[in-house]
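Architecture and fold: a report
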Amino acid sequence: MIRQNGNLRIMFEKVPDCSEKSIVMDFPGGELSQSWYHYHPEPELTLILRGSGRALLGATWIPFRAGDLTLIGENVPHIYVPQARTETRCLKFHRNFLTNGILQLPEFSRIKQLFEEAQGGILFQNDTGYGDEFRRFENLSGIEQLLQVCLLLARLSRTPHHALTGSQAARVVFRNDEEIQMTQAIHYLQHHFHEKVLLPEVAAVVGMEAESFRRFFSRRLRMTFSEYLLELRLFSAQKQLQ
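Quick look at the structure, then. (Residues numbered from 1 in each chain as written. Predicted model: local features only at pLDDT ≥ 70, side-chain atom pairs only at ≥ 80, totals over all residues. Heavy atoms only, no water.)

Topic: helix α3 (residues 130-138)
Residues Tyr130, Gly131, Glu133, Phe134 and Phe137 constitute the buried set of α3. Projection of α3 onto a plane perpendicular to its axis shows the buried side chains occupying an angular sector of 165°, all on one side. Among the structural elements, β3 (23-26), β5 (44-50), β8 (69-72), β10 (86-93), β11 (122-124) and α4 (142-157) are those in contact with the buried residues of α3. (Buried < 20%, exposed > 50% of the residue type's maximum accessible area, 1.4 Å probe, protein only. Helix = DSSP H or I, 4+ residues; strand = E, 2+ residues; numbered from the N terminus. Arc of directions from axis to C-beta. Contact = heavy atoms within 4.5 Å.)

Digging into α4
Taking 1.5 Å per residue as the helical rise, α4 with its 16 residues ought to reach 22 Å, and the 23 Å between its terminal C-alpha atoms agrees with that figure. Buried residues of α4: Gln145, Gln148, Val149, Cys150, Leu152, Leu153, Leu156 and Ser157, and no others. (Expected span 1.5 Å × (residues − 1).)

Side note on the environment of Pro41
Of note, Pro41 is situated in the loop between β4 (31-32) and β5. Take Pro41: its relative accessible area is 13%, and that puts it in the buried class. Linking Pro41 and Glu74, residues 33 residues apart in sequence, is a C-alpha distance of 4.5 Å.

Here's the deal with the pattern of salt bridges
Opposite charge on two side chains permits them to pair, given that their charged atoms come into close proximity. Applying the stated criterion across every chain, the model contains eight salt bridges. Among the salt bridges present, the one from Glu87 reaches Arg50, with a minimum N-O distance of 3.1 Å. One end of the pair, Glu87, is in strand β10; the other, Arg50, is in strand β5, and 37 residues separate them in sequence. Linking Asp132 and Arg135 is a salt bridge whose minimum nitrogen-to-oxygen distance equals 3.5 Å. Of this pair, Asp132 and Arg135 both sit in helix α3, three residues apart, roughly one helical turn. Judged by its relative accessible area of 41%, Arg135 falls in the partly exposed class. Each of the salt bridges in this network shares a partner with another, and the network as a whole consists of Arg50, Glu87, Arg89 and Glu138. (Salt bridge = Lys/Arg side-chain N within 4 Å of Asp/Glu carboxyl O.)

Re the packing of aromatic side chains
Tallied over the full model, the rule gives 10 aromatic pairs. Aromatic rings pair up to connect Trp61, Phe213, Phe216, Phe217, Phe225 and Tyr228 into one cluster. (Phe/Tyr/Trp six-rings, centres within 6.5 Å; stacked < 30°, edge-to-face > 60°.)

Structural notes on the sheet that holds strand β9 (residues 78-82)
On the basis of which strands lie adjacent, the open sheet formed by three strands has the order β7-β6-β9 and antiparallel pairing. Single-partner strands in this sheet number two, and they are β7 (60-65) and β9. Here the average twist between neighbouring strands, direction ignored, is 20°. Taken together, the six bridges between strand β6 (residues 52-57) and β7 define a ladder with antiparallel strand orientation. Across the sheet, residue Ala55 finds its bridge partner in β7, namely Ile62. (Pairing = 2+ DSSP bridges. Axes fitted to C-alpha atoms, helices over the stretch in contact; angles between N-to-C directions.)

What to know about the packing of α3 against α4
Running from amino to carboxyl end, α3 crosses α4 at an angle of 160°, the nearest separation of the two axes being 9 Å. Considering the angle they form, α3 stands roughly antiparallel to α4. The two elements α3 and α4 meet at a crossing, and its hand is left-handed. From α3, Tyr130, Glu133, Phe134, Arg136 and Phe137 reach across to α4, where they touch Gln145, Gln148, Val149, Leu152, Arg155 and Leu156. (Parallel < 35°, antiparallel > 145°, perpendicular 65-115°, else oblique. Left-handed = near helix turned anticlockwise from the far one by under 90°.)

Here is the structure:
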């Protein structure tokens, strides 16, 4: 689904219905391919089983490699850009798991705090043991799946991690004009990067002056307009060679 408001186009991912489950696993086939800068209201826990690349979480670019694990909160825009064949597992949490579920119990206070930190994104680096825990989840069902994830979250709540505090401001909030403009610019570039795209053209799409947009883009993504456009083109060329 794409939300629109005039020229506004924001990529929204519809997560598979989890009304009968608190947690669902995405990417059941495991292999990560090109995706779009997108968001969804369900918090997401993604494990890189093999491969490497870069990820844009909110407004922060980070490198990833096998063994890395990221936890992002609700409505944080994100995209994973693999540089080689990459296999992942991804758990998505129903919002009721956070608001009306077991996280409200005192024994889960540290896990609840972990999800609060994840509003800006959290990176756990290079621990190959996570793969075994995700595989156990795949082989379980019902309450056993839920208990397995709770044990993993309890472990993560005690594990040193890197909080991406700068990404919290990039959560999709429709009252925030800057977030709308940034998401629209990314979406436009992802659909037109194979054409001759000029900065003033994209600035006009989001309703900004060219020089203001140049500074805005670099400040929010921590890379220049030209660098981001080159990233998209190199990734596309790499995919065609595979």
